[in-house]
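As a plain string of letters, each chain reads:
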Amino acid sequence: MPELRVLCRLRVLAALSTVSVMAGACMVGPDYVRPSVEQPARFKSQATSEMGPPIPEEWWRLYREPDLDRLIATASESNQTLRQAVARVDEARALARVAGSYLYPTISNNPSFSRTRYSGNRDSTLTGKKVQQGATVDDWLIPFDLSYEIDVWGRVRRSFESARAQAEASADDAAAVRLIVETDVTRFYYTLRSLDAQAQILERTVVAYREQVRLLSVQLRTGLVGPIVVSQAQAQLQATLALQLEVLRARSDQEHALAILCGRPAPAFAVAVNPLGEVSPPAVPPGLPAQLLARRPDVARAEQNLVSANAQVGVATAEFYPRFTLTSSAGFESADIATVFNWQSRVASILPSVSIPIFQGGRLRANLDATKARYRQAVAAYTNQILIAYGDVEDALTDLHALTDMVGSLRGAVSASQDYLRFAQAQYKYGLVDYLIVIDAERTLLANELSLALSVNLQIGASIQLIKALGGGWNPSEN
């Protein structure tokens, strides 16, 4: 008979397992379908509409700057914002494993021992008569408890699907943070070099202005010029010195910001002076708008959030259906520790149960409506992120084209300003023009040289922004 009871229990467990497997094919709620979003045939600011080559993973090497390579390596290793993002990925993946664990039974072991002293002045629960004496009972219990939700409607599987999508979204977010750090380091690096170029221009100009003031002061003492000329030259020198100090201050602040990006304390961080000269950004074909959706980690993150929200609709829908639970316990129980593991000491129980929602005051319906509303929010966020991506590329292309033309014009302006100053100095030397013409020529040359240095940096920045808008070297398969 004991063997027959065990056989019956095994048959019940096998039947419940079969029901669980058969129910596995059923999942309520909508399956994810990517929303349709309008895709332009080409970028408006693009000269051609061809498939673009993939951007290399280490895209910053396109600029051929060893110092930049070292800075980005340092930032990738030590940037604290990036470390936070990576830790969020680890957290989300761990939570996904937690959600996946509910697909399996929970088994626990809770051994216990109790000693109970029964009164000698009590009535027997069997005969109803007074017992003759008290009793002390020992009880050794070693049970193995099992609990399992039979996922008939896919509530657990939808929860796991949502958690996995959140883990993917976290990985995409970390990729987006990494790209931001890389592009910020590159922009800050070139801004430093642009400020070095401006400082170099100003240093050279200050040296020339000092010599000019010295010569004019000598001419003033000999009566060749009046005091107004010397005052004009001194005013121009002091204004240039003030501008030089401002550039040096801006460089220090930029270097401090770069130190934070690289995860280094500002007092111990320094970037060698390296004036930005005649450089041109690398060519980066933007490709087709359709390619952009697979290139941008922020778009991928928005879609994974959408996948998660869609799965949560299934979770909320499953709450309307009965929930089947299997609870079981098996183990050994004995009054004597020496016989606790004997076959005669075995104990077992099985308790299938079902929970049927009947009335919750509209709570389930309200929860489903809220979940569907969150899904619609995620759809709007995903669509908006795609529109932002298209706009980012168009902005970068427009800026890059305009700034490239501006740099060409400013180079011509610098050349013309140099001629202007040379002619003005020659004519002033022979008394053909007033000294104000020389000052104007000097100011014009300085302004155009500084504008050129600034515009070259802006051109490089537009190139970096284009690479960022295209997703950098991100590859979804790396997540």
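Just so you know, these numbers come straight off a predicted model, no measurement behind them. Each chain carries its own residue numbering, running from 1 in the direction its sequence is written. Two thresholds apply to this predicted model, a pLDDT of at least 70 for residue-level local features and 80 or more for giving and counting side-chain atom pairs, whereas whole-chain, interface and lining totals are computed over all residues. Values shown for side chains rest on all heavy atoms present in the structure; no hydrogens or waters enter the calculation.

**Some thoughts on the overall build of the chain**
Heads up, the condition is: A helix here means a DSSP run of H or I that spans at least four residues, while a strand means a run of E at least two residues long, and both kinds are numbered starting from the N terminus. We compute the radius of gyration from the C-alpha atoms alone; for a globule the expected value is 2.2 Å times N to the 0.38, where N is the number of residues. To sort residues, take the accessible area from a 1.4 Å probe on protein chains only and compare it with the maximum for the residue type: under 20% means buried, over 50% means exposed, and anything in between is partly exposed. Should any heavy atoms of two residues lie within 4.5 Å, those residues are considered in contact. Residue exposure ignores everything except the shown protein chains as possible cover, and the areas themselves are Shrake-Rupley values with a 1.4 Å probe. A positive count includes Lys and Arg, and a negative count includes Asp and Glu. His and the chain ends are not counted in either. Charge coordinates come from a single atom per side chain, which is NZ of Lys, CZ of Arg, CG of Asp or CD of Glu.
Looking only at helices and strands, the chain features nine helices and five strands. For the chain, the sequential pattern of α-helices and β-strands runs α-α-α-β-β-β-α-α-α-α-β-β-α-α. For 479 residues, the compact-globule estimate of 2.2 N^0.38 gives 23 Å, and the C-alpha radius of gyration of the chain, at 39 Å, exceeds that figure by more than 25%. The principal-axis extent of the C-alpha atoms belonging to the chain is close to 140 × 55 × 45 Å. Per-residue burial for the chain yields a buried fraction of 41% across its 479 residues. In the chain, once contacts between residues fewer than 6 apart in sequence are set aside, the share between residues at least 24 apart is 83%. Accessible area for the chain stands at about 26,500 Å²; split by element, carbon and sulfur atoms hold 58% of it. Separation of charge centres in the chain, based on 47 positive and 48 negative side chains, amounts to 7 Å.

**What about a nonpolar patch on the surface?**
Put simply, the test is: Without a salt bridge and with relative accessible area above 30%, a residue can belong to a patch; like charges are then joined within 9 Å and nonpolar side chains (Val, Leu, Ile, Met, Phe, Trp, Tyr) within 5 Å. When a carboxyl oxygen of Asp or Glu lies within 4 Å of a side-chain nitrogen of Lys or Arg, that pair is called a salt bridge.
Side chains of Val354, Ile356, Ile358 and Phe359 sit close together on the surface and give an oily, nonpolar patch of about 510 Å² of accessible area. With respect to the element layout, Ile358 can be found in the loop between strand 5 (346–355) and helix 8 (363–429). Take Ile358: its relative accessible area is 78%, and that puts it in the exposed class.

**Focus: helix 3 (residues 80–101)**
Let me state the cut-off plainly: Multiply 1.5 Å by the residue count of a helix minus one, and that product is the helix's expected span. Here the arc refers to the set of directions running from the helix axis out to each C-beta atom.
Counted at 1.5 Å a residue, the expected span for helix 3 with its 22 residues is 32 Å, and the 32 Å between its end C-alpha atoms agrees. Among the residues of helix 3, Leu82, Ala85, Val89, Ala92, Ala96, Ala99 and Gly100 are the ones counted as buried. When helix 3 is viewed along its axis, its buried side chains cluster within an angular range of 100° and face the same direction. Away from its buried face, by an angle of more than 90 degrees, helix 3 presents the exposed residues Leu95 and Arg97. Against helix 2 (66–78) and helix 4 (155–221) lie the buried residues of helix 3.

**Overview of the nonpolar core**
Note the following rule: To define a nonpolar core, start from buried Ala, Val, Leu, Ile, Met, Phe, Trp, Tyr and Cys residues and group those joined through side-chain atoms within 4.5 Å.
Ranked by size, the top nonpolar core spans 84 residues in total, and within it Val185 and Leu258 carry the most contacts. Among the elements of the structure, helix 2, helix 3, helix 4, helix 5 (227–261), helix 6 (289–295), helix 7 (297–318), helix 8 and helix 9 (435–469) are those that each provide at least two residues to this core. Top element by residues in this core is helix 4. It accounts for 18 residues. When sequence neighbours within four positions are dropped, the list of residues in contact with Val185 reads Leu68, Leu71, Ile72, Ala75, Leu258 and Leu261. Core analysis: the next-biggest nonpolar cluster, separate from the first, contains five residues, Ala96, Ala99, Ala163 and Ala167 among them.

**Some points on the environment of Ala402**
Turning to its location among the elements, Ala402 is positioned in helix 8. The sequence separation of Ala402 and Gln459 amounts to 57 residues, and the corresponding C-alpha distance is 8.6 Å.

**Focus: the side chain of Glu161**
Looking at where Glu161 falls in the secondary structure, it is placed in helix 4. Residue Glu161 is classed as buried on the basis of its relative accessible area of 16%. Glu161 has contacts with Val307 and Ala311, leaving out every residue within four places of it along the chain.

**Brief notes about the packing of helix 3 against helix 4**
Applied cut-off: As a rule, the C-alpha atoms of each element are fitted with a line to give its axis, helices using only the stretch in contact, and angles between N-to-C directions run from 0 to 180 degrees. Angles are sorted into four bins: roughly parallel if under 35 degrees, roughly antiparallel if over 145, roughly perpendicular if 65 to 115, and oblique for all others.
Running from N to C, helix 3 and helix 4 point in directions that differ by 170°, and their axes come no closer than 8 Å. The angle between the axes of helix 3 and helix 4 places the two elements in the roughly antiparallel class.

**Overview of the confidence of the model for the chain**
Spelled out, the test is: Within a predicted model, pLDDT stands for the predictor's per-residue confidence, ranging from 0 to 100.
Per-residue confidence for the chain averages 88 on the pLDDT scale, and 93% of its residues sit at or above 70. When the criterion is pLDDT under 50, residues 1–19 qualifies, and its contacts beyond four places in sequence or with other chains add up to 10 contacts.

**Brief notes about the pattern of salt bridges**
Throughout the structure, instances matching the rule amount to 25 salt bridges. Between Arg187 and Asp184 there is a salt bridge whose closest N-O contact spans 2.5 Å. Highlighted residues: Arg187 and Asp184, both in helix 4, separated by three residues, approximately one helical turn. We note a salt bridge from Asp298 to Arg296, for which the minimum N-O separation is 2.7 Å. Each member of the pair, Asp298 as well as Arg296, carries the same accessibility label: buried. Residues participating in the shared-partner salt-bridge network are Glu149, Arg155, Glu319 and Arg323.

**Topic: the packing of helix 2 against helix 4**
Worth spelling out the cut-off: Left-handed describes a crossing in which the near helix is turned anticlockwise from the far one by less than a right angle; the clockwise case is right-handed. Think of it as three bins: nonpolar holds Ala, Val, Leu, Ile, Met, Phe, Trp, Tyr, Cys and Pro, charged holds Asp, Glu, Lys and Arg, and polar takes everything else, Gly as well.
In contact at an axis separation of 10 Å, helix 2 and helix 4 are set at 140° when each is read in the N-to-C sense. As for how helix 2 packs across helix 4, the hand of that crossing is right-handed. Every residue of helix 4 that contacts helix 2 at Asp67, Leu68, Leu71, Ile72, Ala75 and Ser76 is listed here: Arg178, Val181, Glu182, Val185, Thr186, Tyr189 and Tyr190. Across the contact of helix 2 with helix 4, the residue classes break down as eight nonpolar, two polar and three charged.

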